[in-house]
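Secondary and tertiary structure notes
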Amino acid sequence: MSVTIRESHSIVPPDPKLDKWERLGLLILGIGLALLFGSLFNIYNGNLKPVMLVVTMIAIFAGGLIYGLRTHLIKKPGIQNNNIMTASVSSRGAIGWMIGVILTTLYCIYYWKADWLSGMTQLFDPLSQAIRNKPSDQWFMYGTFYTMGVLIMGVKAIAKYRHSRYQTIRTSSIVFFQLIMAYTLPYFMSRLYNLEYYPTYFWPLSYKVLFPGEEVKTLLASKHEILAMCMLGWSLIATFIATPFLTYFLGKRWYCSWVCGCGGLANTVGDSWRQLSSKTVKAWKYERVTIYSVLIFVIVTTGLLWVFHVTQAESLKGFSGGLAKVYGFLIGSIMSGVIGTGFYPLLGTRIWCRFACPMAAILGIVQRFKSRFRITTNGGQCISCGNCSTYCEMGIDVRWYAQRGQDIKRASCVGCGICSAVCPRGVLSLENGPTDQREEYQIDLLGGMKARQLEQKTNQTK
Ligand code: SF4
Ligand code: SF4
């Protein structure tokens, strides 16, 4: 009788093999990507172009879906912890670094050397003509890739977290807002009215919508003035009324985890790297400095642009325009694109949301000081396994709160709910409730902790 000796003492197979369906999915995906890169050499011309576009997109969709669904539907739902901390792709190994380098390089080329991608951009001409009635450009190609990524990986995320109703509905919402509100609707509007308008991006995420820059001027000068006024009105209502009220009632999750395209990409394409976000106090201190600095930056930029518009002072023209350009380069391109997404496999997802997004900063201030949202913890049930902290993409040490039975009201929490979905003991619960019951413990924005026992408060009110 032969005896097989396993070298590993792990309770899960140390090197899980892909089954034939997973291999087939990866093969079809690989063919789709190879065809896509082939387009860089301008080899699909004339009638071949639409055919190759359809074949390429079908291969990427089919391969991604076969692999993603097969991988998760044969497993129990939820995160399994299987080899996540040792697999090269998910633990900053060689494959993780390789993906990170490829992503950051592609972002740099896309922003600053887009002509290198002209062959690939032209591959999307037939789709762009069908939707927008004009040839493709780098922004259209990027929007299409982005939306495809959210769609494919969104389906994978739904399969992965299918045990959680919250995750299923939330991920469907992310996919809906990206596909309909951030891709299809703006492009159809561009076709019908020659307007570029994204209804899911408000100030300060898009600082342009509140000052009379080119986009607003174009809106007002167009022959569809009423439509233009509606859009401007929507931007103002969304920024000054919907944002504070919805955040008061629901916390920042209504935007960061249900609507926003950046959060959508992080929770779908980036989901496999969410455990890499730093949980150190140093990172927490750093994040508070950077995110509020960006907020101040965007407030100053918007303010100066407004002053210039009202006074038309020549002395302000160069300065305010220069500031807007610096903001666009540093925050728009470097932080949100190159680092924010390119570094997913190295620093975890939500780097942009955590360290630089001015919208997240404002929502976080409301959430921290005046909101009904909190994550309640049933501390007596906690077994300190640490799953919640490990998978918190915002780097919050959730276990620290759970061990103390203390509610979580952190400004940075985006309410993704994964901490609750991966907790084996049902300790954590995302809730909206009366604001006066959120005050028993507080951690202020600068990190000092003011522990105020609920008991003391209750005694005072007796
Ligand atoms: S709250 Fe749940 S996931 Fe977090 S440490 Fe406790 S038992 Fe583990
Ligand atoms: S604390 Fe939980 S809900 Fe909040 S960001 Fe972290 S994982 Fe998401």
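That block above? That's the structure.
The notes below deal with the structure included here. (Residues numbered from 1 in each chain as written. Chains lettered and ligands numbered in written order. Predicted model: local features only at pLDDT ≥ 70, side-chain atom pairs only at ≥ 80, totals over all residues. Heavy atoms only, no water.)

The residue after W203, namely P204, is reached through a cis peptide bond having omega 5 degrees. Within the secondary structure layout, P204 lies in the loop between α7 (165-193) and α8 (214-221). Residue N42 is not a glycine yet carries a positive backbone phi of 55 degrees. With respect to the helices and strands, the residue N42 is situated in the loop between α1 (20-38) and α2 (48-73). Of the residues examined, N42 reaches a relative accessible area of 39% and is grouped as partly exposed. Phi is positive for R350, which is not a glycine, with a value near 65 degrees. Relative to the helices and strands, R350 is located in the loop between α14 (344-347) and α15 (351-355). For R350, a relative accessible area of 1% translates into the label buried. (Helix = DSSP H or I, 4+ residues; strand = E, 2+ residues; numbered from the N terminus. Buried < 20%, exposed > 50% of the residue type's maximum accessible area, 1.4 Å probe, protein only.)

Here the focus is the pairing of strand β1 (residues 373-377). Burial analysis of β1 places five of its five residues in the buried class, the great majority of the element. The side-chain alternation of β1 yields two buried faces, one formed by F373, I375 and T377 and the other by R374 and T376.

To continue, consider the packing of helix α3 (residues 94-112) against helix α13 (residues 314-339). To describe two helices that pack against each other, one gives the angle between their axes and the distance between the axes. It is at 9 Å that the axes of α3 and α13 come closest, and there the two elements cross at 145 degrees. Handedness of the crossing formed by α3 with α13: right-handed. Here T104, Y107, C108, Y111 and W112 of α3 come into contact with α13, specifically with F329, G332, S333, I334, S336, G337 and V338. Along the lines of polarity and charge, the residues of the contact of α3 with α13 split into seven nonpolar, five polar and no charged. (Axes fitted to C-alpha atoms, helices over the stretch in contact; angles between N-to-C directions. Left-handed = near helix turned anticlockwise from the far one by under 90°. Contact = heavy atoms within 4.5 Å. Nonpolar A, V, L, I, M, F, W, Y, C, P; charged D, E, K, R; others polar.)

Before going further, it helps to examine the packing of helix α5 (residues 125-132) against α7. Here α5 crosses α7 at 70 degrees, and the two axes come no closer than 8 Å. Of the possible angle classes, the one that applies to α5 and α7 is roughly perpendicular. Across from L127, Q129, A130, I131 and R132 in α5, the residues of α7 making contact are Y183, Y187, F188, S190 and R191. When its residues are assigned to classes, the contact of α5 with α7 shows six nonpolar, two polar and two charged. (Parallel < 35°, antiparallel > 145°, perpendicular 65-115°, else oblique.)

Spatial relationships are all this shows, so hold off on functional conclusions.
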